[in-house]
Amino acid sequence: MADNSTLVEQNNPSKASNSPLKRKLDSQDSTSRNNVENKKTKTEDSVKSNRKSSPERKERKKEKKSKKSKEEKKKLKQALKKEVDEAFFEVEIAPVQDPKVDKSRICPYLDTINRSLLDFDFEKLCSVSLSHINVYACLVCGKYFQGRGNKSHAYTHSVQDAHHVFLNLSTHKFYCIPDNYEIIDSSLDDIIYVLNPTFTSEHISSLDSSSKLSRAYDGTTYLPGIVGLNNIKANDYCNVVLQALSHVMPLRNYFLQEASYKTIKRPPGDQMFLVVQRFGELLRKLWNPRNFKAHVSPHEMLQSVVLCSKKRFQITSQGDALDFLSWFLNAMHGALNGTKKLSSSIINKTFRGKMKVFSRKVPPLEMAEHEKQKLLLTPEYQEREEEMPWLYLTCDLPPTPLFPDELQENIIPQVPFHSILAKFNGVFEKEYKTSKDSTLKRFQLTKLPPYIIVYVKRFTKNFFVQEKNPTIVNFPIKNIDFGDLLSTEVRARHRNTTYDLMANIVHDGEPGPGKGTYRVHILHKGSGKWYELQDLHVADILPQMITLSESYIQIFELRTDIPNPSYEPSRQAASGNKKPIRKSADQSAGSGNQAGKSKSQSESSGKQKGTSDNQSENSGNQSASNGDNAGDNAEEQSDDMDTGE
C-alpha cells in the first residue's frame, strides 16, 4: 500500500505538494527569502541614512532654501516697488477709450476750479511729505500734494475733500483724481500761462512802448512790470533791488526768454545757477499781462538767495540794499560763466565800466620838511597808475553840521549832484588812512557802461554806533552828462555820454538793521510816469517829489538819441590797440608835486572822517584789484569800486 501511495504521488504532483516534506522545504525557502529581503531593506535604509547624513546633501538643501528665499525676496521687492510707483510716481494711463464717452474731454468737475486761490509763487513742495518729487496742485483749494496713485497724498485729499482736478507742476498736465484720467481742455490754458509765462520777441520789443493796463482775476487793474512784491518779514531791502533790476532793459529782455540761459553748462553740484533760474522766473511773473493777482511773492527767489549766499542775506532780518545788489550781480555774473572780459556776460555788458586809479603815499605830518622832500623822491612815494573795472560809483556826502545855523535851527543840508560826482574827474584827490601810512588817490573814468549805478554813501560806522547822513542830493532826472567827468581823449571815444535816471532807491528812518525802510521810484517807459513801490504798495508820484527823498542807490540809463558833440570815430578805433602807459619816476614825481597843492585840503577832510571808515575803504580798494571769483569778491566790497571778477 505504501508503494502504491508513492506511485500515486509521483504520478499526481498536485497531491504530492501537500506532503510534509514539501512543506518543510517551502518553509525553509520562505525563511531564506525573508532574510534576503531583510538584508536588502537594511542595506537600502543604510544607504538612505548615509545620503541624508552626507554634507553634500545638506549643502544642496541649503542652496535650495536660499534660492527659494531670494526668489521670495525679489517678488516682495517687486510688489513693494509696484505699490510705491502706483502711489507716488506718475504712471502713464491712457484716456478712457470708450466708444460712447471720452471722459478726458468732458470732465464734470471743471466748474469746481477756483482760480482766486491759485498761487504758484511758493516753493513746489508737498504740503504733507514736503517732497518736491511729482508734486500736484489741487486746483480747487490751491494746496500741493504728492503722487496720483491709490495710496498717495493727492488721492487721499481728493477722496476726503471731494477735490478732483489736479495739475502736475512739472509736466503741466491736468488729471481727475480718483478717476485717474487726463483732462484735455483748452479752457485751462490760462492756468498753464500763469504757472510758466512765456514771451515772444515781438512781445518783448513792445513792452517799453505799451501803456495798456491788465486786469487781474479779482478785477483789479495793474501795469505789467509795476507790480508789488510781498514782504514776507524783513526782505524789503531785496524787493527794491529786484524791482529796480527788473526795469533794466538788457537784463529784462535777456531773462524773459528762458532759452537765453537754459543751455549754459555748469559743473555738477553747482547751486549758484539756481539764482539765475529763480530771477528769470520772477521777471516773467512781474511782466505777465495775465496774472490772477496784482502782486507777486518772491518766496522762491529769496529761498535761493538764502541758500546760495550761505545765509548771509536772510528773509527774517533786514540787510543792506547795496550789499545785496553787489552780491547779486556778482553771483549772476559767475553763474553765467562770466570772466574778466567786459563782454563775457549780460551783467558785464550792462553795468561794468573802467577807470584809472592814481595813488601815492603821503609822508607823516610830524616829519620835517627836508625829510619829506627826500621821501617824495623815493620810488615808494611816487604816483602809481592802475586801470581796473568797476560795478558802481560810490559818492561821498559832506559831513553834516554839528551846530545850528544863524536862525538857531538845524536845517537839512543840500548838495548838488555834480559836486559829489567830481570825485571821478581825475583831479580831485581823497586821502585813505591806515594805522601805518596814508595814501592819496584820484579816480579817472575811462569807459562808461550803458547803465551806471551810483551809490550815495549815507551810513558811517564808528566804534560805538552807526550814523546816517541826511543830506539831500539835488540831482536832475533827465539829460545828465557824465562826459564832463571824462578827459578830452576819453570823451572823444564815446558816441553817447548823456544819461537819464530810471530807478531811485530810498532809505527812510534810522540807521541800523530793522530800524528803517526801503522804497523805490521807477520810471515806466510805456506810460512815461514815475511810480513809487514799497512792498505791496504801488502809487504814481510826481517827478519833482523824487529829488526831495534821501536817495541811496540810483540807476542811470544811457540815451542813444543824444549824440556826443566831441565824438571822434578815428580815436575810438585807435583806442582798441592802445595799452595803458605807466608813468616814469620823473613824470610821476612832477605830477605828485603838482598834486601837492590839494594835499592839505584832502588831509583836512580826511581828519574829519572816522579812522575805521578810512581803513575799510582802503582795504576794500586793495581787495578789488585781485578778484577772480564773483562770489568771493561780492563779499569783499570796495567803497569806491567793485571789480567783482
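The text that follows walks through the structure, step by step, so that each part is easy to find. (Residues numbered from 1 in each chain as written. Predicted model: local features only at pLDDT ≥ 70, side-chain atom pairs only at ≥ 80, totals over all residues. Heavy atoms only, no water.)

### Some remarks on the sheet that holds strand β1 (residues 135-138)
Okay, so step 1: Read across the open sheet, the five strands follow the order β2-β1-β3-β4-β5; overall the sheet is antiparallel. Strands with a single pairing partner mark the edges of an open sheet, and in this sheet they are β2 (144-146) and β5 (181-183). Here the average twist between neighbouring strands, direction ignored, is 40°.
Okay, so step 2: Sitting on the sheet, helix α5 (residues 153-161) touches β1, β2 and β3 (165-168), and the angle it makes with β2 is about 120°. (Pairing = 2+ DSSP bridges. Helix = DSSP H or I, 4+ residues; strand = E, 2+ residues; numbered from the N terminus. Axes fitted to C-alpha atoms, helices over the stretch in contact; angles between N-to-C directions. Contact = heavy atoms within 4.5 Å.)

### Describing the pairing of strand β16 (residues 451-457)
Okay, so step 1: Of all seven residues making up β16, seven are buried, and the element is well covered by its neighbours.
Okay, so step 2: Of the pairings in the sheet, the one linking strand β12 (residues 393-396) to β16 comprises four bridges and is parallel in character. Considered in β16, the bridge of C395 is made with V456.
Okay, so step 3: Note: β16 against strand β25 (residues 551-558), five bridges, orientation antiparallel. Bridge pairing links Y451 to E557 in β25. (Buried < 20%, exposed > 50% of the residue type's maximum accessible area, 1.4 Å probe, protein only.)

### Structural notes on the nonpolar core
Okay, so step 1: With 69 residues, the main nonpolar core has F255, F279, F328 and F351 as its most contacted residues.
Okay, so step 2: By residue number, the principal contributor to this core is helix α12 (residues 321-335), which donates ten residues.
Okay, so step 3: For F279, the contacting residues outside a window of four places in its chain are L242, L245, L251, F255, M301, F328 and M332. (Core = buried A, V, L, I, M, F, W, Y, C linked by side-chain atoms within 4.5 Å.)

### Observations concerning the state of the cysteines
Okay, so step 1: All told, the structure shown has zero disulfides when counted by the stated rule.
Okay, so step 2: Take C138: it sits in no disulfide, and the sulfur closest to it among the cysteines is that of C141, at 3.6 Å. (Disulfide = S-S within 2.5 Å.)

### A short note on the packing of aromatic side chains
Okay, so step 1: If you walk through the whole model with that rule in mind, you get 22 aromatic pairs.
Okay, so step 2: Ring centres 5.1 Å apart and planes at 80° place the aromatic pair Y254 and F255 in the edge-to-face group.
Okay, so step 3: On the basis of relative accessible area, F255 is assigned to the buried category, the value being 0%.
Okay, so step 4: Note on Y392 and Y455: the rings are 6.2 Å apart at their centroids and 85° apart in plane angle, and the pair reads as edge-to-face. (Phe/Tyr/Trp six-rings, centres within 6.5 Å; stacked < 30°, edge-to-face > 60°.)

### Here we look at the pattern of salt bridges
Okay, so step 1: For the structure on display, the rule yields 22 salt bridges.
Okay, so step 2: The partner of K361 in a salt bridge is D437, and the shortest N-O contact between them spans 3.3 Å. Linking K361 in strand β10 (residues 353-362) with D437 in the loop between β14 (430-433) and β15 (438-447), this pair joins segments that are 76 residues apart in sequence.
Okay, so step 3: Salt bridges sharing partners connect three or more residues here, namely D121, K124, K285 and E300. (Salt bridge = Lys/Arg side-chain N within 4 Å of Asp/Glu carboxyl O.)

### So, the packing of helix α10 (residues 273-286) against α12
Okay, so step 1: Where α10 contacts α12, the axes come no closer than 8 Å and their chain directions differ by 110°. Taken together, α10 and α12 sit at an angle that is classed as roughly perpendicular. Facing α10, whose interface residues are F273, V275, V276 and F279, α12 presents W327, F328, M332 and A335.
Okay, so step 2: In terms of residue class, the contact of α10 with α12 is built from eight nonpolar, no polar and no charged. (Parallel < 35°, antiparallel > 145°, perpendicular 65-115°, else oblique. Nonpolar A, V, L, I, M, F, W, Y, C, P; charged D, E, K, R; others polar.)

### Some thoughts on a nonpolar patch on the surface
Okay, so step 1: The grouping of F463, F464 and V465 at the surface amounts to a nonpolar patch, some 440 Å² of accessible area in total.
Okay, so step 2: Relative to the elements of secondary structure, V465 occurs in the loop between β17 (459-461) and β18 (466-468). (Patch = residues over 30% accessible without salt bridge, like charges linked within 9 Å, V, L, I, M, F, W, Y side chains within 5 Å. Areas by Shrake-Rupley, 256 points an atom, 1.4 Å probe, with all protein chains shown as cover.)

### What about the side chain of E557?
Okay, so step 1: Tracing the sequence through the fold places E557 in strand β25.
Okay, so step 2: On the basis of relative accessible area, E557 is assigned to the buried category, the value being 15%.
Okay, so step 3: A distance of 2.8 Å separates polar atoms of two side chains, one belonging to E557 and the other to Y451.
Okay, so step 4: Polar side-chain contacts of E557 include one of 2.5 Å to the side chain of K525. (Polar contact = N/O pair within 3.5 Å; in protein donor to acceptor, adjacent residues only side chain to side chain.)

### Concerning the sheet that holds strand β11 (residues 384-390)
Whenever strands of a sheet pair, they do so through backbone hydrogen bonds, lying parallel or antiparallel.
Okay, so step 1: In spatial order, the strands read β11-β10-β15-β14; together these four strands make up an open sheet with antiparallel pairing. Looking at strand neighbours, the two that pair on one side only are β11 and β14, the edges of this open sheet. Across the sheet, the mean angle separating the axes of adjacent strands is 35° when strand polarity is ignored.
Okay, so step 2: Sheet analysis places β10 next to β11, joined by seven bridges and oriented antiparallel. Its bridge partner lying in β11, V357 is registered against E386.

### Brief notes about unusual backbone geometry
Okay, so step 1: Omega for the peptide link from I177 to P178 comes to 10°, which places this bond in the cis form.
Okay, so step 2: Mapped onto the fold, P178 is located in the loop between β4 (174-176) and β5.
Okay, so step 3: Notably, K311 is not glycine yet its phi reads approximately 65°, a positive angle.
Okay, so step 4: Looking at where K311 falls in the secondary structure, it is placed in the loop between α11 (299-308) and α12.
Okay, so step 5: One non-glycine residue, N337, lies in the positive phi region at around 60°.
Okay, so step 6: Mapped onto the elements, N337 comes out in the loop between α12 and α13 (346-351).

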